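Okay, here's what each chain looks like letter by letter:
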Amino acid sequence: MFSSKRSFRNLIEANLLWLLTYFFFSCVSLFIDLLSRIDLDELMKKDEPPFTFPKTLEEFEYAFNEHGQLRHIKTGEPFVFNAREDLHRWNQKRYEALGEIITQYVYELLEKKCSLTKAFLPVDAVDDEPRSFIYLSPDALTNPNKLLVLIQGSGVVRAGQWARRLIINQDLDSGTQIPFITRAMEEGYGVMVLNPNENYLEVEKPPKMSPINSPEEPSDEPAEKRERKDEQERKKKREFYEKYRNPQKETETERIPIRENSSSEEHVLYVWDHFVSKAAAKNVFIIAHSYGGLSFVELMNLREMQVKNRVCAVALTDSAHNIWHQETTKGTQDWMQQYCCNWVSSPEPLDTQLDPMLPDCPRVSAGTERHELTSWMSFESIFRYFSDVLRAKEEEEAEENSNAVTTRSGSLKNKHQDL
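These figures come from a predicted structure and were not determined experimentally.

## With respect to the side chain of Asp-318
- Structurally, Asp-318 can be placed in the loop between strand E10 (311–317) and helix H12 (330–339).
- Here Asp-318 sits buried without a salt bridge, and the closest side chain of opposite charge, Arg-363, lies 6.5 Å off (N-O distance).
- Within the local environment of Asp-318, its side chain forms a polar contact with the side chain of His-371, the two groups lying 2.8 Å apart.
- Contact partners of Asp-318, with chain neighbours within four places excluded, come to Ser-290, Asn-342, Trp-343, Val-344, Ser-345, His-371 and Thr-374.

## Description of the confidence of the model for the protein
- Here the protein averages 85 in pLDDT, and 77% of its residues register 70 or above.
- Scored below 50 in pLDDT, residues 210–218 shows 0 contacts in the model against residues more than four places distant or in partner chains.
- Confidence over residues 241–246 falls short of pLDDT 50; this stretch has 12 contacts with residues more than four positions distant or in other chains.

## What to know about unusual backbone geometry
- Cis geometry is found at the peptide bond from Leu-121 to Pro-122, where omega equals -10°.
- Of note, Pro-122 is situated in the loop between strand E3 (117–121) and strand E4 (132–136).
- The phi dihedral of Ser-115 falls on the positive side, at around 60°, and the residue is not glycine.
- Within the secondary structure, Ser-115 sits in the loop between helix H4 (88–112) and E3.
- Exposure remark for Ser-115: the relative accessible area of 41% places this residue in the partly exposed category.
- With a phi close to 50°, Asp-318 is a non-glycine residue in the positive phi region.
- Judged by relative accessible area, Asp-318 falls into the buried class, the value being 15%.

## Quick look at the sheet that holds strand E5 (residues 146–151)
- Strand order in the open sheet made by the 9 strands is E3-E4-E6-E5-E9-E10-E11-E13-E12, with mixed pairing throughout. The open sheet has two edge strands with one neighbour each: E3 and strand E12 (353–354).
- The pairing of E5 with strand E6 (residues 189–193) spans 5 bridges and is classified as parallel. Note that in E6 the partner of Leu-150 across the bridge is Val-193.
- Strands in contact with helix H9 (residues 264–274) are E3, E4, E5, E6 and E10; relative to E3, the strand with the most contacts, it is inclined by about 110°.
- Lying over the sheet, H12 contacts E10 and strand E11 (340–344), oriented at roughly 70° with respect to E11.

## Remarks on the nonpolar core
- The biggest cluster of nonpolar side chains holds 51 residues, and the ones touching the most others in it are Leu-148, Leu-150, Ile-287 and Phe-386.
- The biggest single contributor to this core is H4, with 10 residues.
- Setting aside its immediate chain neighbours within four residues, Leu-150 contacts Trp-162, Gln-177, Phe-180, Ile-181, Val-191, Met-192, Val-193, Leu-194 and Ile-287.
- Core analysis: the second largest hydrophobic core is formed by 35 residues, Ala-119, Trp-272, Met-300 and Ile-323 among them.

## Looking at the environment of Ile-287
- Within the fold, Ile-287 resides in strand E9 (residues 283–289).
- With 29 residues separating them in the primary sequence, Ile-287 and Leu-316 have C-alpha atoms 5.8 Å apart.
- Apart from residues no more than four positions distant in its own chain, Ile-287 is found in contact with Leu-148, Val-149, Leu-150, Ile-151, Trp-162, Phe-180, Ala-315, Ile-382 and Phe-386.

## Observations regarding the packing of aromatic side chains
- Scanning the model with the defined rule gives 22 aromatic pairs in all.
- An angle of 85° between the planes, with centres 5.7 Å apart, marks the rings of Phe-133 and Tyr-135 as edge-to-face. Tyr-135 matches Phe-133 in its accessibility class, with the two residues each being buried.
- With 4.9 Å between their ring centres and 50° between their planes, Phe-285 and Phe-386 make a pair best called tilted. Note that Phe-285 is positioned in strand E9 and Phe-386 in helix H14 (residues 379–418), a separation of 101 residues in sequence.

## Notes on the state of the cysteines
- The final tally for this structure, using the stated rule, is 0 disulfides.
- The thiol of Cys-361 is unpaired, and the distance to the nearest cysteine sulfur, on Cys-340, comes to 5.5 Å.
- Taking relative accessible area as the criterion, Cys-361 reaches 1% and is therefore assigned buried.

## Some thoughts on the environment of Trp-335
- Of note, Trp-335 is situated in helix H12.
- Classification of Trp-335 by relative accessible area gives buried; the value is 7%.
- Considered as a pair, Trp-335 and Asp-360 are 25 residues apart in the sequence and their alpha carbons are 8.2 Å apart.
- Here Trp-335 is in contact with Phe-296, Met-300, Val-307, Lys-308, Val-311, Val-314 and Cys-340, once residues within four sequence places are set aside.

Calculation criteria
- Residues numbered from 1 in each chain as written.
- Predicted model: local features only at pLDDT ≥ 70, side-chain atom pairs only at ≥ 80, totals over all residues.
- Heavy atoms only, no water.
- Helix = DSSP H or I, 4+ residues; strand = E, 2+ residues; numbered from the N terminus.
- Buried < 20%, exposed > 50% of the residue type's maximum accessible area, 1.4 Å probe, protein only.
- Lys, Arg positive; Asp, Glu negative; His and termini not counted.
- Salt bridge = Lys/Arg side-chain N within 4 Å of Asp/Glu carboxyl O.
- Polar contact = N/O pair within 3.5 Å; in protein donor to acceptor, adjacent residues only side chain to side chain.
- Contact = heavy atoms within 4.5 Å.
- pLDDT = per-residue confidence, 0-100.
- Pairing = 2+ DSSP bridges.
- Axes fitted to C-alpha atoms, helices over the stretch in contact; angles between N-to-C directions.
- Core = buried A, V, L, I, M, F, W, Y, C linked by side-chain atoms within 4.5 Å.
- Phe/Tyr/Trp six-rings, centres within 6.5 Å; stacked < 30°, edge-to-face > 60°.
- Disulfide = S-S within 2.5 Å.

If you want it as structure tokens, here you go:
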């Protein structure tokens, strides 16, 4: 009897455990099914404000002060990225909208403050063809002595910028190329400002045509009842999506590449062929930041002898080039050892010699560990480096000319004695 009761109790406990297990897994299954119907990313976009942002700095209520710092007009505070809590995508879109205004603002400074003009690419573009442009100083093509070419890194930065983040969060001097342009012009350089990230024209995609619904199979169900059932189903779907999906629609776009300028490497090669190689300057200097350094090395691979004959010195700042991956020749590597210097991010003091990573060019510290700051922190060192290289070259040429004169003079004297 006792054994029978215990068996009965064990049976009840086993059934109860089975029921609890079944209930648990049913709940899990329902939860997973619910999650599968909800896009969590879209859920986070619920109640997102419209993607409509100001078109000018004034409308954003920001302005650059006398120190070139971006400040709120009313509060005097720096730019705040998280303008609205828990709306990262909206904050990012707002930041990008401000970035586009900054780009136009820098273009205005290049034209008004630096007196640069646009040269459009391709040079033979027809009216309806996508185009890019670079900026030239008035004497960029005619200066007989010195030409400075500026190449920024990859990303959203456009002509005249080193880093958008620095322009917005620090100041114009550190984030733009304007101090480099101004200094170069003061020292007698012609200037070319490249635009290697302006590679395509972005246009809005035409709306997709709705597919024509095929007629449904006839049903024995009365039409009125079927319509009522369809309306209830549509209402359920509407309520579900209203509850969980309310994102702002982003415009769908497509990119039309700019001919012969669809990448940074293509752009640098094109500008070399159509502008730099045709410039009058006998001494070409280049400053290339990050991916711009890779594009320069690619130019070396394709126009090695031309570059060697025209370029006097190259200042790289935290360059992204790699002589192994880019398969440079031994001649290019030897030339880079002699005519290039790479200021890299490092905790060491500015201009400290660092161990070479590869056998291409000397590496020195830029005096900062922040990648985007390497150009600005190396500003004085770069121009001093260019002056030293040019002085050494001029002294070498003067010595060669002196030796040539001496040789010719001795030759004439010998001829006179023979007579």
